[in-house]
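Chain and residue survey
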Amino acid sequence: MQRLRAKLAPYFLILPGGLWLAIFFIIPTVTMLSFSLMTGNEADGYQLTWHFQNYTDALSTYWPQFLRSLEYGAAATILGIALSYPIAYWIAFKGGKRKSTYLFLVLLPFFVSFVLRTISWQFFLSDNGLLLSPLKSMGLVSQDFHILQTTVAVVLGLTYNYLPFIVLPLYVALERVDPRVVEASSDLYAGRIATFTKVIFPLSLPGVFAGVIMNFVPAASDYVNAEILGGPNNTMIGSIIQDQALHVRDYPTATALSTVLMGGLLVGIFLYARALGTEDVLEAAAR
Amino acid sequence: MNEFDPAFLRGITQDRRSFLRAAGLVGAGAALAACGVKGAKVSPAKADDVAKFWAGKKQNGHVDFANWASYMDANHSPLKKFTSETGITVNYKEVITDDPTWYGKIQPQLAAGQPIGYDLMVVTDGIELNKLVQFGYLAPLDHKMLTNFEANAGAAFKNESFDKGNVFSVPYATGYTGIGYNPKYVKEPITSIKQLFDPKYKGKIGMMKDTQELGNFGMLLNGVNPETSTEADWKKAAATLQAQKPIVRQYVDQNYTKSLSNGDLWITMAWSGDIFQENLSNGSNLQFVVPSEGGTIWTDNMMIPKTAPNPVDALKLIDFFYRIDIAAMLTEEINYVPSVPAVKAQLLKDAQTASKSDAATFTTMASSPLVFPTDAELANLRHYVNLPNPGAEKIYQDLFLPISSG
């Protein structure tokens, strides 16, 4: 009896999570896959006809938006790492007693709705807004110069909105660096730069890894920023999927696009993990 | 996080039985999805539908009303008056931003036969209204209870092509799609759709994101009446609009008036009442014209979802909007075309008792072609493109959606 219970315990422990995954992940994913191979319309219904052409049709029409989403996601992630690393480093090593206050400040914008935060950028970047109006009156930029509805605006918006997703894992990784290791490094005559490149940075790599994933995946599939800050040539794949699913109600196309996006991102993450030399992707992400 | 005994994880994931169980689950999901999804089409309305629907329905003293943004004054005065006269309370929410999104939100509940949380809603004529009718999602209106509508509605609003005989809907307000521009930046008179294609305004041009609106303007420029257009016309219009794309700043939805007054946009497709409202509320001097090639006319319609818990109260509110004084009250605020012609006389009458500035506004409104179009102006307005079946709709959307969301 005792042994049986011990044997069953792990299953009971995983039961709530397992059920959650089954209901809210496996079933929707299977439904999505099956929808992507259906033909039909709202009035007559949809039938599973194994219509693989949905994929080729969707991709041949919307490949530029796919590519663009990956580019924007990558740009926002690189910019995000460049901005976050100093922030996380400073909080972890120089934050002192106020570390949690600083982290709270990083998270503070999250208390404002995502869409509102993005709309305030729209105000800020507008042609005659806070940023451009003075520059124009000083003659530093030409009168018809604009940032809204350009790639720059969208990438800035993405970087801003997802910044805390990089700062936090970076902070956790840097915070864990044992000060004695740093000390040892300088005892062994490493300069500040060598200490950073040879000791601190390699130790923070799991944080960089997690930050990149947590930033790149949502940024590449985001549509709010492109919708609010972008123009006709900045549409990202998220907008297309939303339009196809909710406006046109062409479920097969919408689900085919979603499947490609999900598959593409998954493959990308595993390749990235390989390249980074992380022995186990899931383990690194769990850190 | 990873302080688990690795053997623990292995025990769970590498157990053959649980693998089989997971596989079974995936299979069940597949079976579930493989059945396909049933179509929503229903048989056409029958003569006794009205009596059948309204039999046994009683007034409950409350109505939930879903409408578009800024489609009533901030105090909701017509609704306050309704409550004080009938005792029926109104929960008014401006939750509709565009027809496709709204339809997407309510469709699952309607298909499942559940209430959507609103007894009364306002939907524009077009693809979504057709679907609501076609799929049997709307309550047939009992015209015996619509006495004000029968007495006061203008002939043109009583028998519109999209809902002949007002079986399911009556108009809330009507407006046009034309061109709005800011004369602070645009220094020439605007008369033609061609000017939306002028490279001079590169990077300052707005076109509408809505595929029906967008396609209509492409066709009008090509000299085609959207209402009677064919697939060949759509293809030509799509090519015309695709060529314009490099000079378009943005494909706009609801917020274009703000962009127009702050100079992000100089010239854009626009709805008549929006421009009037923006000028009234912000003191801007934006202009609206119906282009010489023609503009489009659309009607926003009040309707009751079949699953509404308070249909009698909703119907009473619908009819209330057709009382001449209430129709005038609404027009004074939203500046769209009223469905009650007597509003014009009422506006002039209200002007005599109103404050000085209001009086001037009302008099301007009574003579404004945007609110009371002349017959000549009406003749230059076209109805929306007609998409009779899902096949045509798919072709149409695949042509225009890649333009507005490229």
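So, how was this worked out
Residues numbered from 1 in each chain as written. Chains lettered and ligands numbered in written order. Predicted model: local features only at pLDDT ≥ 70, side-chain atom pairs only at ≥ 80, totals over all residues. Helix = DSSP H or I, 4+ residues; strand = E, 2+ residues; numbered from the N terminus. Buried ≥ 20, exposed ≤ 12 C-beta atoms within 10 Å, placed from the backbone. Contact = placed C-beta atoms within 7 Å. Expected span 1.5 Å × (residues − 1). Pairing = 2+ DSSP bridges. Nonpolar A, V, L, I, M, F, W, Y, C, P; charged D, E, K, R; others polar. Domains from an automatic or database assignment. Axes fitted to C-alpha atoms, helices over the stretch in contact; angles between N-to-C directions. Parallel < 35°, antiparallel > 145°, perpendicular 65-115°, else oblique. Left-handed = near helix turned anticlockwise from the far one by under 90°.

Turning our attention to the overall build of chain B. On a plain count of helices and strands, chain B comes out with 18 helices and 11 strands. Expressed along its principal axes, the backbone C-alpha trace of chain B runs to roughly 85 × 60 × 50 Å. Evaluated residue by residue, chain B yields a buried proportion of 46% over its 406 residues. Of all intrachain contacts in chain B linking residues separated by at least 6 positions in sequence, the fraction that spans at least 24 positions is 78%.

Each helix and strand counted, chain A has 12 helices and two strands in total. Mapped from its N terminus to its C terminus, chain A presents α and β elements in the order α-β-β-α-α-α-α-α-α-α-α-α-α-α. Taking the principal axes of its C-alpha atoms as reference, chain A extends roughly 80 × 75 × 35 Å. Look at the contacts in chain A between residues 6 or more apart in sequence, and 69% of them connect residues 24 or more apart.

Further remarks concern helix α11 (residues 251–276) of chain A. All names here are of chain A. Between the first and last C-alpha of α11 there are 37 Å, a value that for 26 residues agrees with the 38 Å anticipated at 1.5 Å per step. Inspection of α11 places Tyr 251, Pro 252, Thr 253, Ala 254, Thr 255, Ala 256, Leu 257, Ser 258 and Leu 261 among the buried residues, and these make up the whole buried set. Turning to α11, the residues buried within the fold contact α1 (2–35), β1 (38–41), β2 (45–48), α2 (53–94), α8 (192–221) and α10 (237–247).

Our focus in this paragraph is the sheet that holds β1 of chain A. Sheet architecture is open: three strands sit in the order β1(A)-β2(A)-β1(B), paired in antiparallel fashion. For this open sheet the edge positions go to β1 of chain A together with β1 (37–38) of chain B, each flanked by a neighbour on one side alone. Direction of pairing for β2 of chain A relative to β1 of chain B: antiparallel, over a ladder of two bridges. Bridged to Gly 45 of chain A within β1 of chain B is Lys 38 of chain B.

Here we take up the pairing of β1 of chain A. Residues and elements named next belong to chain A. One ladder, built from four bridges, connects β1 with β2; its direction is antiparallel. Note on β2: the bridge partner recorded for Gly 40 is Tyr 46. Hairpin remark: β1 followed by β2, antiparallel, with three residues in the connecting loop.

Across the boundary between the two partners, chain B contributes 38 residues, which contact 39 residues of chain A. Among the elements of the structure, α1 (6–13), α2 (16–34), β1, α5 (99–111), α6 (127–134), β7 (248–252) and α18 (390–404) of chain B are those that each provide at least two residues to the side of chain B that touches chain A. A total of six residues in the side of chain B that touches chain A trace back to one element, the largest contributor, which is α2 of chain B. Along the lines of polarity and charge, the residues of the side of chain B that touches chain A split into 16 nonpolar, 15 polar and seven charged.

Below, the discussion takes up the environment of Asp 222 of chain A. All names here are of chain A. For Asp 222, the location among the structural elements is in the loop between α8 and α9 (224–229). Taking C-alpha positions, Asp 222 is 29 Å from Thr 101, a pair spaced 121 residues apart along the chain. Discounting chain neighbours no more than four positions away, the residues touching Asp 222 are Leu 158, Met 236 and Gly 238.

Right, let's talk about the domain arrangement of chain B for a bit. All names here are of chain B. Assigned domains of chain B: these are domain 1 (49–175 + 298–370) and domain 2 (176–297 + 380–404). Contacts between the two partners involve 15 residues from domain 1 and, on the opposite side, 18 residues from domain 2. Classifying every residue of the side of domain 1 that touches domain 2 gives six nonpolar, seven polar and two charged.

Right, let's talk about the environment of Ile 87 of chain A for a bit. Structurally, the position occupied by Ile 87 of chain A is in helix α2. With near-sequence residues (within four places) excluded, Ile 87 of chain A lies in contact with Val 106 and Val 167 of chain A.

For the rest of this paragraph, the subject is the packing of helix α4 (residues 114–125) of chain A against helix α6 (residues 151–175) of chain A. Residues and elements named next belong to chain A. Relative orientation of the contacting elements α4 and α6 amounts to 140 degrees, with a least axis distance of 11 Å. Classed by the angle they form, the pair α4 and α6 counts as oblique. As α4 runs across α6, the sense of the crossing is right-handed. Along the contact surface, α4 presents Phe 114, Arg 117, Thr 118, Trp 121 and Leu 125, while α6 presents Ala 153, Gly 157, Tyr 160 and Asn 161. Counted by class, the contact of α4 with α6 contains five nonpolar, three polar and one charged residues.

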